[in-house]
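Notes for the structure review
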Amino acid sequence: MVSKESCRNEIRAAIRQLSDRCLYSAAKWAGEQLVGIEQDPSNFTPSNTRFQRGSSSIRRRFSTNESISTPQPSVGFSQAATPLPEEDETIDGDLYLLAKSYFDCREYRRASHVLRDQTSKKSVFLHFYALYLAGEKRKEEEMIELEGPLGKSDAINRELVSLERDLSALRRTGAIDSFGLYLYGVVLKEKGNETLAIASLVESVNSYPWNWSAWSELQSLCTSIETLDRLNLNNHWMKDFFLGYAYQELRMHTESLAKYDYLQGIFSFSNYIQAQTAKAQYSLREFDQVEIMFEELLRNDPYRVEDMDLYSNVLYAKEACAALSYLAHKVFLTDKYRPESCCIIGNYYSLKGQHEKAVMYFRRALKLSKKYLSAWTLMGHEYVEMKNTPAAIDAYRRAVDINPSDYRAWYGLGQAYEMMGMPFYALHYFRKSIFFLPNDSRLWIAMAKCYQTEQLYMLEEAIKCYKRAVNCTDTEGIALNQLAKLHQKLGRNEEAAFYFEKDLERMDAEGLEGPNMFEALVFLATHFKNHKKFEEAEVYCTRLLDYSGPEKEKAKSLLRGIRMAQTGFPSMDLEHFPI
Amino acid sequence: MAGLTRTAGAFAVTPHKISVCILLQIYAPSAQMSLPFPFSSVSQHNRLGLYLLSLTKCCDDIYEPKLEELINQLRDVGEEMDAWLTDHLTNRFSSLASPDDLLNFFNDMRGILGSPDSGVVQDDQIILDPNSNLGMFFRRCILAFNLLSFEGVCHLFSSIEDYCKEAHSSSAQFDASNNDLESLTHYDQMDMEIYAIDKATEELELQKNVSGSVPFHLHTPEAIFKVIEGLRVSPKESSRTSKKITETTLVASASSSTVVDTLVDESLFLRTNLQIQGFLMEQADAIETHGSSSSFSSSSIESFLEQLPNLAPELHHVHFLRYLNKLHSDDYFAALDNLLRYFDYSAGTEGFDLVPPSADCSMYGRYEIALLCLGMMHFRFGHPNLALEVLTEAVRVSQQLSNDTCLAYTLAAMSNLLSEMGIASTSSVLGSSYSPVTSTASSLSVQQRVYILLKESLRRADSLKLRRLVASNHLAMAKFELMHVQRPLLSFGPKASMRHKTCPVSVCKEIRLGAHLISDFSSESSPMTVDGSLSSAWLKDLQKPWGPPVVSQDSGSRKSSTYFQLCDHSVSIPGSVSQLIGASYLLRATSWEFYGSAPMARMNTLVYATLFGDSSSSSDGELAYLKLIQHLALYKGHKDAFAALKIAEEKFLTVSKSKILLLKLQLLHERALHCGNLKLAQRMCNELGGLASTAMGVDMELKVEASLREARTLLAAKQYSQASNVAHYLFCTCHKFNLQIEKASVLLLLAEIHKKSGNSVLGLPYALASISFCQSFNLDLLRASATLTLAELWLGLGSNHAKRALDLLHGTFPMILGHGGLELRARAYIFEANCYLSDPNFSVSTDSDTVLDSLRQASDELEALEYHELAAEASYLMAMVYDKLGRVEEREEAAALFKKHIIALENPQDVEQNMA
């Protein structure tokens, strides 16, 4: 078990080292985790308590079953406590200092040039890293300049070749440090050499685990659980962060949640963990919980833009217009040129029914980040709303081509084709989406509806789908009702009665009423009456009598019929004298 | 799609275009002199002009030549001044040291354009007319450059650097051949020449547009695939300049860009957009013809296709090609994936130019075509039920969107599907189709449905003037009418004519209607699709005349003849059409087979094999081979047939759904029967029966054939009651599934069984029924053999009927001898001899030659056939006759022959050993 103190010390040193190498986002991440560690009560400072108050309340609300003080010692945080590497130069070279300031001013090529003949490890890394970033910057610019009529996008980072050559030479001689390995991994990944990239990144994180950027690169290469399992990683608490993240991306949400729960033992106030938990909960469709979590998160970190698109999705799903507009306004003021911001605004307009404007903002989001997956999907939804199905299909297809496991886009494709009256064609897409998310009742119901359309009218298949939906705990209760109706239509009254009863139970449990209820009651009453089970029939009839309208009359006549049947042959055994 | 397509950047300045501009500047410098500096003669000047014209013609290229290639071409064009030209070009490029130089360069260029309002033109002044082809190109370049942002100029600048870097520095030495041609030509004549070229190229382009590619054949599911495929590339699309990829280096690498010094690879630099489409089409054709054979590597195409989307993400056509490729390498999942992706992106509007785009279609897309393709894909992968569902949906959607063209194709596809799928398996499937078209016919049999679908499709295709579809529908109709007896469908009643539709006249009419396509194609010039092979064909041809005739034109007449030649070549018929016509010949052969004219069948097959063999698809070619082999087996004996089969096997066994195995089994069975190896025969029968029930469903016709052969085997084994049981059952099956033609042969078989079992009286009605069936369906050969059986039955009733039998025989002799196979003829001969011998009025001693001639003839033919049973009979009869005549030596000879055949009949194994 790592003590919080040792964690803290590790991170503190790591932040310094990371920012020395200008790995700012990794340093930022580490910093977030640093303040996420629960303070010792002994050295509380007023600012700390103020900062952490909000988080503790939410943590208490949602992790009641977990004892914070005694995290499970099972897996063990630190069997291999990696020693912090000593800095090879205590006093930085003048050139390094100059280069770093250039770097901080985003003059990458200049920084790289200054360090061209330096030999210290830090300088060498910064030299290559600056070169890489310079290439990336140029690539981004070229991408816009070269954009042709066919969307030609073959702009490449021109430095990759020389970087790969130099870094592999360094690696051969063994003069490469863990940061160099990270950069080497990144370069290899961009060149498409994934296995080598994974090897390089694994080596990097094993020797220096605090570089979150390396972990995230590694995650992006783990596209299947098999790859993940094959990784040979040293045990370290950073590995748990990594696994949590990787599980989440592989849609293993419960495993991921378990990891985060566990990590919260140390990093109890980490915004990152909270956001990730919220993400996982969102995928599990726990919207209320997610909303509260995000509210807390925003209270602690009001200028946060990351992950806020997810929050906006939740607000969208809950149709909270005002809250969504508030959020949109806030992120707009914070940083309007972030894809997340555009996405939030798009969501807002979509909720308001102004689909053209929504599309405009989603498109802006895509301009800012080509691979921003959810914008494609959301744009597809907008086009569906605008009845522009070809455009919707195109947008969904792009989402799918970026990430083939995006079940929402597959589902959208299915929906679009169904809208065009091609249910059979749509089925394939529904099947695809279900393949990636097999335990979502909505997808099963959509597929069943597809089978049910008058063009296909494949009721047996529809029934199968509805059964799957019921097994996936269908919250809206469509499946049970439909199952009952379908069986009724096919003349299987026993099965129909079974499902009507189940549906009735569900409605009773949820305290719902409505036409479905009447329908179920009427059917059950007549069904039991026909089968001479008068007692059950009477129960349903009397329930019907509670309501007004034609159902009441129906119930009355049914009751009359039952009485007749009962009184007409009071002493006779019905089985012996069938009418 | 909608909204996401960027505005088309129609014309971009590239280093290659700057090269052309530099050359243009040399061609028409602003200085006013009659002949600019480097040119020694007017013709030389003109030559460069023509060359430049051709360069500008393909400025919308997908691939642009490297500087090196350009220099090589210049060498051919420039002759003695090539060194100067090359030097000038490279110097000009090397003088471009900064973006500013580029700017100045284009400013200078503006000077060489004549001002549009300068009306007075001196005679000897060279002016680049701004409205001429060259001038337009020039202006476009300048305009495009002016539109460039500074970043764009920088990019252009750096790409020029790359362009020059690649060029080889060493300019080869050239012997300046001194050929001073006629020195004085007038400029207006030059204009005429340019005009001529213009005209020629325009014509070429027109021709290219006219030519379409719809490879077609009847029996495979690819049939309509290819129709669709042919319709994918439309002139409209290819003229869209947005479909432009600059620097498609991989195209170059794909088409072997090794430039030999002497031979300029013209095909490299003449790649217009049209041609990249053509290239893709060519690939598609290649996939199609060699698709499933092992020699063809689909992976090479695949890797090429995988790169293409990186260069041109909006060129969705690639996905379709990938689909085709996967389809032919039998990768179901990848094929499905690519098909769906293609239609998701293109919405069916790209490439499919079935209907002129109307206002509403842009909104909805044309997803019904996706359904059509998907249906055919399922069909090919052997999921007929899925295919039918999808096609039904396609029918519904195209009706909904009133896309009549697609509907016509879909109906044709459906009828193809239904007729291919066999009859037994469909009844369950059709229960679930709800299409308005099919549902009206829900009470009808499958064949009737096929007929209705075909009719509908034909009607629509006719009114929409889809020539290929019309032709293929006619062929399908002919095939259908050939195979099925049509009673009037919807009009029942006393007045409805009961004419059977298998009459050869109507079949022939349909076939001819189908073949009219060819005349349509040569006479009409409506814009059709681009045929990849064709456009590259004239390209190949262009290489030849380009060098000498154009450059060293010594007389006008010769030059024009080359041009004529050039045009002439491109008037050839597109491959698809010739394939369709080839199919019609095959069908003719089949119909003649049915009607019983062997020579005609053979002739038609041979016509097909010789004329259309190379343009045909592999399955059609296979069919032709099969027919020829069958013919061999019937008329030349088994030995030849097996030798031919071996050749065919090597050639076609890799074809998917190969029918070679089927034929082999048939031949083996036939031979086993003849040799008396009944066990082998039985085994072959069983294997045939196994082939009939595939995963796709039961092939009724094959099944019937298998049972027919089984009955014959039983008959040969003298198990008469079992044989007649099988035959009776078979007759019922045929009746149930409405297989009229098979009925006739089953009846004949029954008659045969009764004849062999000695119940001639029972056999007579069957034989008569068979004859009447044959008569109504015009099956002449079958009728002849039925008549023969009838005669045999008469003779079986007693020798007093010999006269009648002989008369019957003589009545059909012309037919039998003219068209019948070896076996039938031998049988007829033997029977004739039998008749004479059993005729009490006939005396052997006086008229022995009549009998002996026939018998000799028969035994010769049976020798080739290795038919021991009949051969033994013939020898026996011969021996008897000789005995009667008292010719002992010959008698012994015949008897020995008889013995030999009998022994061979009884010990069939040792003969079979070497065969299997």
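Thresholds, definitions, all that
- Residue numbers restart at each chain and count upward from 1, following the sequence in its written direction.
- Lettering for chains starts from A, numbering for ligands starts from 1, and both go in the order in which the items are written.
- The model is predicted, so local features are restricted to residues of pLDDT at least 70 and side-chain atom pairs to those at 80 or more, both for listing and for counting; the totals for chains, interfaces and linings are taken over all residues.
- Heavy atoms throughout the structure, all of them, feed into the side-chain values; hydrogens and water do not.
- In this text, helices come from DSSP runs of H or I with a minimum length of four residues, and strands from runs of E with a minimum of two, each type numbered from the N-terminal end.
- Any residue under 20% of the maximum accessible area for its type is buried, any over 50% is exposed, and the rest in between are partly exposed; the area is computed with a 1.4 Å probe on protein chains only.
- Between two residues, a contact is recorded if the distance between any of their heavy atoms is within 4.5 Å.
- Here, a salt bridge means any side-chain nitrogen of Lys or Arg that lies within 4 Å of a carboxyl oxygen of Asp or Glu.
- Exposure above 30% relative accessible area and the absence of a salt bridge qualify a residue for a patch, where like charges join within 9 Å and nonpolar side chains (Val, Leu, Ile, Met, Phe, Trp, Tyr) within 5 Å.
- Calculation of accessible area relied on Shrake-Rupley with a 1.4 Å probe; when residues are assessed, cover is drawn exclusively from the protein chains displayed.
- Between the N-to-C directions of two axes lies an angle of 0 to 180 degrees, each axis being a line fitted to C-alpha atoms and, for a helix, fitted only over the stretch in contact.
- In this scheme the crossing of two helices becomes right-handed for a clockwise turn of the near helix relative to the far one and left-handed for an anticlockwise turn of less than a right angle.
- By the convention adopted, Pro, Cys, Tyr, Trp, Phe, Met, Ile, Leu, Val and Ala count as nonpolar, Lys, Arg, Asp and Glu as charged, and the other residues, Gly among them, as polar.
- What pLDDT reports is the predictor's confidence in each residue, on a scale of 0 through 100.
- The rule is short: rings of Phe, Tyr and Trp, with Trp giving its six-membered ring, pair when the centres are within 6.5 Å, and they are stacked under 30 degrees, edge-to-face over 60, tilted in between.
- Comment: the charge-over-ring label is applied if NZ (Lys) or CZ (Arg) is within 6 Å of the ring centre and within 35 degrees of the ring normal.
- UniProt positions are given in the numbering used here, feature names are shortened, and annotations may be inferred rather than shown by experiment.
- For a helix, the expected span equals 1.5 Å multiplied by the residue count minus one.

This part takes up the overall build of chain A. When its secondary structure is counted, chain A shows 30 helices and zero strands. Here chain A holds 579 residues, and 53% of them are scored as buried. Of the contacts formed within chain A by residues at least 6 apart in sequence, a portion of 57% connects residues at least 24 apart.

All names here are of chain A. Counting across every chain of the model gives 54 salt bridges over all chains. Here Glu 136 and Lys 139 are joined by a salt bridge, their closest N and O atoms 3.8 Å apart. On the criterion of helical spacing, the pair formed by Glu 136 and Lys 139 is a turn pair, its members being three residues apart in helix H6 (residues 121–145). The same class applies to Glu 136 as to Lys 139, namely buried. Among the salt bridges present, the one from Asp 401 reaches Arg 397, with a minimum N-O distance of 3.6 Å. One end of the pair, Asp 401, and the other, Arg 397, are both in helix H21 (residues 389–402), four residues apart, so they sit about a helical turn from each other. The exposure class of Asp 401 is partly exposed, given its relative accessible area of 31%. The structure contains a network of salt bridges with shared partners spanning Lys 28, Lys 279, Asp 301, Arg 304, Glu 306 and Asp 307.

Residues and elements named next belong to chain B. A grouping of Trp 592, Met 600 and Met 603 is seen on the molecular surface, where their side chains present a nonpolar patch of about 250 Å² in accessible area. Take Met 603: it is sitting in helix H30 (residues 598–612). Residue Met 603 is classed as partly exposed on the basis of its relative accessible area, which comes to 43%.

Here we take up the side chain of Arg 396 of chain B. Mapped onto the elements of the fold, Arg 396 of chain B is located in helix H19 (residues 384–400). Those residues in contact with Arg 396 of chain B that sit more than four places away from it in its chain are Gly 421, Pro 423 and Gln 455 of chain A.

With that settled, consider the packing of helix H10 (residues 212–221) of chain A against helix H12 (residues 237–249) of chain A. All names here are of chain A. At a minimum axis distance of 10 Å, the contact between H10 and H12 shows a crossing angle of 30°. For the pair H10 and H12, the sense of crossing is right-handed. Along the contact surface, H10 presents Trp 212, Trp 215, Ser 216, Leu 218 and Gln 219, while H12 presents Met 238, Lys 239, Phe 241, Phe 242, Tyr 245, Ala 246 and Glu 249. For the contact of H10 with H12, the class distribution of residues is eight nonpolar, two polar and two charged.

Another aspect to go through is the confidence of the model for chain B. Residue and element names in this part refer to chain B. Here chain B averages 68 in pLDDT, while 62% of its residues score no lower than 70. Low pLDDT, under 50, characterises residues 423–443; the stretch is placed with 43 contacts to residues that sit more than four places away or in other chains. pLDDT under 50 marks residues 523–572. Its contacts with residues more than four places away, or in other chains, come to 88 contacts. Overall fold confidence for the complex sits at a pTM of 0.68, while the interface term, ipTM, reaches 0.73.

Here Asp 839 of chain B lies in the loop between helix H41 (822–838) and helix H42 (848–865). Each C-alpha atom, one on Asp 839 of chain B and one on Lys 803 of chain B, is 7.2 Å from the other, the two residues being 36 residues apart in sequence.

Before going further, it helps to examine the packing of aromatic side chains. Taken as a whole and judged by the stated rule, the model has 41 aromatic pairs over all chains. With centroids separated by 5.0 Å and ring planes inclined at 80°, the aromatic side chains of Trp 29 of chain A and Phe 241 of chain A adopt a geometry described as edge-to-face. Remark: Phe 241 of chain A occurs in helix H12 and Trp 29 of chain A occurs in helix H2 (residues 24–36); sequence separation between them is 212 residues. A single burial state applies to Trp 29 of chain A and to Phe 241 of chain A, both of which are buried. The interplanar angle of 75° and the centroid separation of 5.0 Å between the aromatic rings of Tyr 342 of chain B and Phe 343 of chain B together place this pair among those described as edge-to-face. Aromatic ring contacts, followed pair by pair, group Tyr 24, Phe 103, Tyr 108, Phe 125, Tyr 129, Phe 179, Tyr 208 and Trp 210 of chain A into a single cluster. Across from the ring centre of Trp 794 of chain B, 4.1 Å away, lies the NZ or CZ of Arg 804 of chain B, which sits over that ring.

Residues and elements named next belong to chain A. Sequence positions flagged by UniProt for "repeat: TPR" (unreviewed entry) are, in local numbering, residues 339–372, 373–406 and 407–440. Annotated as 79% helix and 0% strand, the span residues 339–372 places its first and last C-alpha atoms 8 Å apart. With 79% helix and 0% strand, residues 407–440 has end C-alpha atoms that lie 10 Å from one another.

Further remarks concern helix H15 (residues 317–328) of chain B. Residues and elements named next belong to chain B. Its 12 residues place the ends of H15 17 Å apart at the C-alpha level, agreeing with the 16 Å of an ideal helix rising 1.5 Å per residue. Burial analysis of H15 places 12 of its 12 residues in the buried class, the great majority of the element. Residues of H15 that are buried: His 317, Val 318, His 319, Phe 320, Leu 321, Arg 322, Tyr 323, Leu 324, Asn 325, Lys 326, Leu 327 and His 328.

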